[in-house]
Amino acid sequence: RAVETRVSQQYFAFGRKALAEGYKGVAYLFTAFASSEQVHAANFGKVLAQLGALPPRTHVPYAGPVGTTRENLIAAAKGEAESIEDMYPRMLERIRAEGHPDAMRYVEFAWASERQHHDRIRQIRRYSPTMFELVAKHIDAKTGSYFVCQACGSTLVAVPAASCPVCRAPAAGYRRVEPNMGGNRFYLWIGQHETGRYSKAHKHESAAVLVCVKGKGYTYSWPERAGETPWKDGFADQVRRVDYEQF
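The structure displayed is predicted, hence computed values, not measured ones.

Enquirer: Mind showing me how you'd approach the overall build of the protein chain here?
Expert: Along its length, the protein chain carries five helices and five strands. Counted from the first residue to the last, the protein chain has its helices and strands arranged as α-α-α-α-α-β-β-β-β-β. Across the 247 residues in the protein chain, those meeting the buried criterion constitute 35%. Residue pairs at least 24 apart in sequence account for 63% of intrachain contacts in the protein chain once pairs closer than 6 positions are excluded. A total accessible area of about 15600 Å² is found for the protein chain, and carbon and sulfur atoms account for 55% of it.

Enquirer: In this structure, what is going on with unusual backbone geometry? I would like to understand it.
Expert: Negative phi is the rule for most residues except glycine; trans is the rule for most peptide bonds. Positive phi is not limited to glycine here, since Arg168 has a value of about 65°. Here Arg168 is to be found in the loop between strand 2 (155-156) and strand 3 (174-176). Since its relative accessible area comes to 59%, Arg168 is described here as exposed.

Enquirer: Explain the confidence of the model for the protein chain here, please?
Expert: Do not read the fine detail of predicted coordinates wherever pLDDT is low. Mean pLDDT over the protein chain stands at 80; residues scoring 70 or higher make up 80%. Below a pLDDT of 50 lies the segment residues 181-186, which in the model reaches three contacts outside its immediate sequence neighbourhood of four places, other chains included.

Enquirer: Would you mind going over the environment of Gly79 with me for this structure?
Expert: If you trace the backbone, Gly79 turns up in helix 3 (residues 69-98). Exposure remark for Gly79: the relative accessible area of 28% places this residue in the partly exposed category. Note: C-alpha distance between Gly79 and Val7 (72 residues apart in sequence) is 9.0 Å.

Enquirer: What exactly am I supposed to notice about helix 2 (residues 24-50) here?
Expert: Each full turn of the α-helix corresponds to 3.6 residues, which orients residues three or four apart in the same direction. If you check helix 2, its first and last C-alpha atoms are 40 Å apart, about what 27 residues at 1.5 Å a residue would give, namely 39 Å. In terms of residue burial, helix 2 counts as a mostly covered element, since 20 of its 27 residues are buried. Positive phi shows up at Gly52, right after helix 2, with a value of about 70°.

Enquirer: Any chance you could explain the pattern of salt bridges here in plain terms?
Expert: Oppositely charged side chains may form a pair once their charged atoms are brought near each other. Going through the model one piece at a time under the given rule, you end up with four salt bridges. For Glu21, the salt bridge goes to Lys17, with nearest N and O atoms at 3.8 Å. For Glu21, a relative accessible area of 31% gives the class partly exposed. Owing to a relative accessible area of 31%, Lys17 belongs among the partly exposed residues under this scheme. Between Arg105 and Asp102 there is a salt bridge, with its nearest N and O atoms 2.8 Å apart. One end of the pair is Arg105 and the other is Asp102, both in helix 4 (residues 101-125) and three residues apart, which spans about a single turn. Overall, the relative accessible area of 32% leaves Arg105 in the partly exposed class.

Enquirer: Honestly, the sheet that holds strand 1 (residues 147-149) in this entry has me stumped. Any pointers?
Expert: Sheets are built from strands that pair by backbone hydrogen bonding, the pairs being arranged parallel or antiparallel. Spatial ordering of the open sheet is given by 2-1-3, a layout of three strands whose pairing is antiparallel. Since the sheet does not close on itself, it has two edges, and those belong to strand 2 and strand 3, each with one partner. Bridging between strand 1 and strand 3 involves three bridges; their strand directions are antiparallel. Bridge pairing in strand 3 links Val148 to Arg175. Across the sheet, helix 2 lies against strand 1, strand 2 and strand 3, angled at about 10° from strand 1, the strand it touches most.

Enquirer: Is there a simple way to explain the packing of helix 1 (residues 2-20) against helix 3 in this structure?
Expert: The relative placement of two packed helices comes down to the angle between their axes together with the axis-to-axis distance. Orientation of helix 1 relative to helix 3, taken along the N-to-C sense of each, is 160°, at an axis distance of 10 Å. Taken together, helix 1 and helix 3 sit at an angle that is classed as roughly antiparallel. As for the relative orientation of helix 1 and helix 3, their crossing is left-handed in sense. From helix 1, Val3, Glu4, Tyr11, Phe14, Lys17 and Ala18 reach across to helix 3, where they touch Thr69, Asn72, Ala76, Glu80, Met87 and Tyr88. When the residues that make up the contact of helix 1 with helix 3 are grouped by side-chain class, the tally is seven nonpolar, two polar and three charged.

Quick notes on the rules
Residues numbered from 1 in each chain as written. Predicted model: local features only at pLDDT ≥ 70, side-chain atom pairs only at ≥ 80, totals over all residues. Heavy atoms only, no water. Helix = DSSP H or I, 4+ residues; strand = E, 2+ residues; numbered from the N terminus. Buried < 20%, exposed > 50% of the residue type's maximum accessible area, 1.4 Å probe, protein only. Contact = heavy atoms within 4.5 Å. Areas by Shrake-Rupley, 256 points an atom, 1.4 Å probe, with all protein chains shown as cover. pLDDT = per-residue confidence, 0-100. Expected span 1.5 Å × (residues − 1). Salt bridge = Lys/Arg side-chain N within 4 Å of Asp/Glu carboxyl O. Pairing = 2+ DSSP bridges. Axes fitted to C-alpha atoms, helices over the stretch in contact; angles between N-to-C directions. Parallel < 35°, antiparallel > 145°, perpendicular 65-115°, else oblique. Left-handed = near helix turned anticlockwise from the far one by under 90°. Nonpolar A, V, L, I, M, F, W, Y, C, P; charged D, E, K, R; others polar.

Pasting the structure below:
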């Protein structure tokens, strides 16, 4: 989990650098990959919790190197290649010997989505050594939206028709990655949940507004300091149920 968390922070830092240099499309790409890495970290955290080995939640800001956007793309491609060709195969071989099905499944999910990342970065790097500015501007002009599966981290430019191509979870589990909430621009996401189905627990930053368009239901909310399992950890008194119905 620590590796995925660090890579997520690294990609967020790369995204901020790309945005500062004026490469909005590349910045959005890094933000999407960072969101995918967060899903991997959360999945590995579930396995560690099952094994009773989940370390305390701590936030350590990324303090690694951040180069130019061109350099960061090269570093990202190298890191993804190492994960695909070395880290995940070795990890899967070790876990398979231990016979832990959930761990094997989550590693396979991460491995598949990392290949998606690497393919996308490799496409950009193919032309960037001599035509970086032209390629970056083309990405800015052509970038639409990125969507990340909240079950496995698969990263696509469109929500699949039926199910995730990596984990086969329903396509409703994809979330649009929000590239920027500043500059007087507002991004939104509309989701639909079948009766009796629940949305995976997730965190909203400050100023998030939730509107029920149709139907009714409820949501549980609690402060971040209560962790991911407030009932189990003795913070049930900090959980609030909010009922809602059609606006």
